[in-house]
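# A look at the structure
The primary structure of each chain is shown beneath.
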Amino acid sequence: MAETMLETPCLGAAQTSTWCWNGYDIRFSQTQPTSSSSKPAVVMIHGFGSSCDTWRNQYDALAEAGHPVYGIDLLGLGGSEKAADADYSITLWKNQIFDFIQQVVKSEDVILFGNSIGSLVSVNCAADAEKKDIISGLVLMNCAAGMNSKFVLYDKRTSPVGKAISAVVFGILEVVLNTKPIAQYFFNNLRGAGNIESVLQNVYVNKAAVDADLVQSICKPAEDPAALDVFVKIVIGDPGVTPDTIMDQVTAPMLLVWGDQDIVTPLKVGYGPYFTEELVETRPNTELVVVNGGHCPHDDCPADVNAGVLEWLARLPVLDSQPVQAAKLE
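Residues numbered from 1 in each chain as written. Predicted model: local features only at pLDDT ≥ 70, side-chain atom pairs only at ≥ 80, totals over all residues. Heavy atoms only, no water.

## What about the overall build of the protein?
Secondary structure summary: the protein contains 11 helices and eight strands in total. Its C-alpha atoms put the protein at 55 × 55 × 40 Å along the principal axes. Burial status across the protein gives 55% buried among its 330 residues. Within the protein, counting contacts between residues at least 6 apart in sequence, those at least 24 apart form 75% of the total. Carbon and sulfur atoms provide 55% of the accessible area of the protein, an area that totals close to 14200 Å². (Helix = DSSP H or I, 4+ residues; strand = E, 2+ residues; numbered from the N terminus. Buried < 20%, exposed > 50% of the residue type's maximum accessible area, 1.4 Å probe, protein only. Contact = heavy atoms within 4.5 Å. Areas by Shrake-Rupley, 256 points an atom, 1.4 Å probe, with all protein chains shown as cover.)

See below:
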């Protein structure tokens, strides 16, 4: 029998395991420090269509700095179960992360690392009034503004004309994706190894990082019989609240890491300026590292990202001792 993605060892991690969450099988990975440490645990959350494998260059670097390191595949993505009956949302994944911290990590001092949608999940965790106290820091890499692009229909940064055009586009997309034969044809073409490699080559600056391991880590989950149903639910589902609407509830220190060549969440377009300019200028304990990379800077240019992250982590106890006042953005 062929090895499933759930059973596939995560790239770069010392150990890969399965955790049962609400009846679903969840794939996660970890690398522990070689000696005892009181440093916060790190939980790394990937983006759409991805997995904890994209953090392959962070496990050892963070563990060597004394942090217990965990990567987790969100329900429906990566090696985790493709649950066709689940109602996918940022809130669902937020609850998954909190339960993972409580049941597996078992720490009340956690730093969340996120990429794209994973960053948005991290922000939602850090804004949760009842549970956010266990989040001692956020490292957000090219943060998304929604589970999908439908957030432009509701956000304050898209023009009325843009909203009207987007409404038509998303209306057509929803009809197409809800027509199973058409959706299946589209998905079959999308998930091919050649197409996946081409897409990755467009979003990575370092083309050498787009290797066979990375391509397979994305292709293999898409082979699951329920992958199409999950894909459709995520693409046309509720995008969730945009980060600017909940940011005043986030009190944890924050490091923003942005790839300057990102074409998915560009540095100077859409929500890019909100994070890299407005937040950095107005929110205390918020810092920015810009690297020469694309949408997944941690895998695209890991040396620069790790250097910036480790320097910030070394100062985190000092940052965390400084009270964060919620910034009101104009």
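## Side note on the sheet that holds strand β8 (residues 286-291)
Here we have eight strands laid out as an open sheet, ordered β1-β2-β4-β3-β5-β6-β7-β8, and mixed in their pairing. Each having just a single partner strand, β1 (15-21) and β8 make up the two edges of the open sheet. Averaged over neighbouring strand pairs, the angle between their axes works out to 20° when direction is ignored. For strand β7 (residues 254-259) and β8, the ladder comprises six bridges, and the chain directions are parallel. Looking at the pairing, Met254 lines up with Thr286 of β8. The strands that helix α2 (residues 90-105) touches are β1, β2 (24-31), β3 (41-45), β4 (69-72), β5 (110-115) and β6 (135-141); relative to β1, the one it contacts most, it runs at about 115°. (Pairing = 2+ DSSP bridges. Axes fitted to C-alpha atoms, helices over the stretch in contact; angles between N-to-C directions.)

## Structural notes on the packing of α2 against helix α3 (residues 117-126)
α3 packs onto α2 with a crossing angle of 70° between their chain directions and a minimal axis gap of 9 Å. In terms of their interaxial angle, α2 and α3 are classed as roughly perpendicular. Residue-level contacts link Ile90, Trp93, Lys94, Ile97 and Phe98 of α2 to Ile117, Leu120, Val121, Asn124 and Cys125 of α3. (Parallel < 35°, antiparallel > 145°, perpendicular 65-115°, else oblique.)

## Things to note about helix α8 (residues 227-236)
Counting buried residues along α8, eight of its 10 residues qualify, which places the element largely inside the surrounding structure. Among all positions in α8, only Ala227, Leu228, Val230, Phe231, Val232, Ile234, Val235 and Ile236 are buried. In this structure, the buried residues of α8 make contact with α2, α4 (160-177), α5 (180-190) and α7 (212-222).

## So, the state of the cysteines
All chains considered together, the criterion is met by zero disulfides. Residue Cys52 stays outside any disulfide, its sulfur separated by 3.4 Å from that of Cys10, the closest cysteine. With a relative accessible area of 0%, Cys52 lands in the buried category. No disulfide involves Cys125; its sulfur sits 12 Å from the nearest other cysteine sulfur, which is in Cys143. (Disulfide = S-S within 2.5 Å.)

## What to know about the pattern of salt bridges
By the definition in use, this model includes 12 salt bridges. Linking Asp53 and Arg27 is a salt bridge whose minimum nitrogen-to-oxygen distance equals 2.9 Å. A residue pair is termed long-range when its members are at least 10 positions apart, and Asp53 in the loop between β3 and α1 (59-64) and Arg27 in strand β2 qualify at 26 residues. Residue Asp53 is classed as buried on the basis of its relative accessible area of 2%. A salt bridge links Arg315 to Glu287, with the shortest nitrogen-to-oxygen separation between them at 2.7 Å. (Salt bridge = Lys/Arg side-chain N within 4 Å of Asp/Glu carboxyl O.)

## Looking at α4
When the terminal C-alpha atoms of α4 are compared, their 25 Å separation across 18 residues agrees well with the 26 Å that a helix rising 1.5 Å per residue should span. Of the surrounding secondary structure, the elements contacted by the buried residues of α4 are α5 and α8. (Expected span 1.5 Å × (residues − 1).)

## With respect to a nonpolar patch on the surface
A grouping of Val161, Ile165 and Val169 is seen on the molecular surface, where their side chains present a nonpolar patch of about 280 Å² in accessible area. Looking at where Val169 falls in the secondary structure, it is placed in helix α4. The exposure class assigned to Val169 is partly exposed, which follows from its relative accessible area of 46%. (Patch = residues over 30% accessible without salt bridge, like charges linked within 9 Å, V, L, I, M, F, W, Y side chains within 5 Å.)

## Here's the deal with the environment of Cys10
Positionally, Cys10 belongs in the segment before β1. Judged by its relative accessible area of 4%, Cys10 falls in the buried class. As for Cys10 and Met247, which are separated by 237 residues in sequence, their C-alpha atoms are 32 Å apart. The residues touching Cys10, leaving out its near neighbours within four places in the chain, are Thr16, Arg27, Ser29, Cys52, Asp53 and Tyr59.

## Examining the pairing of β1
Taken together, the seven bridges between β1 and β2 define a ladder with antiparallel strand orientation. Looking across to β2, one finds that Gln15 is bridged to Gln30. The turn linking β1 back onto β2 is made up of two residues, and Asn22 within it adopts a positive phi angle of 50°.

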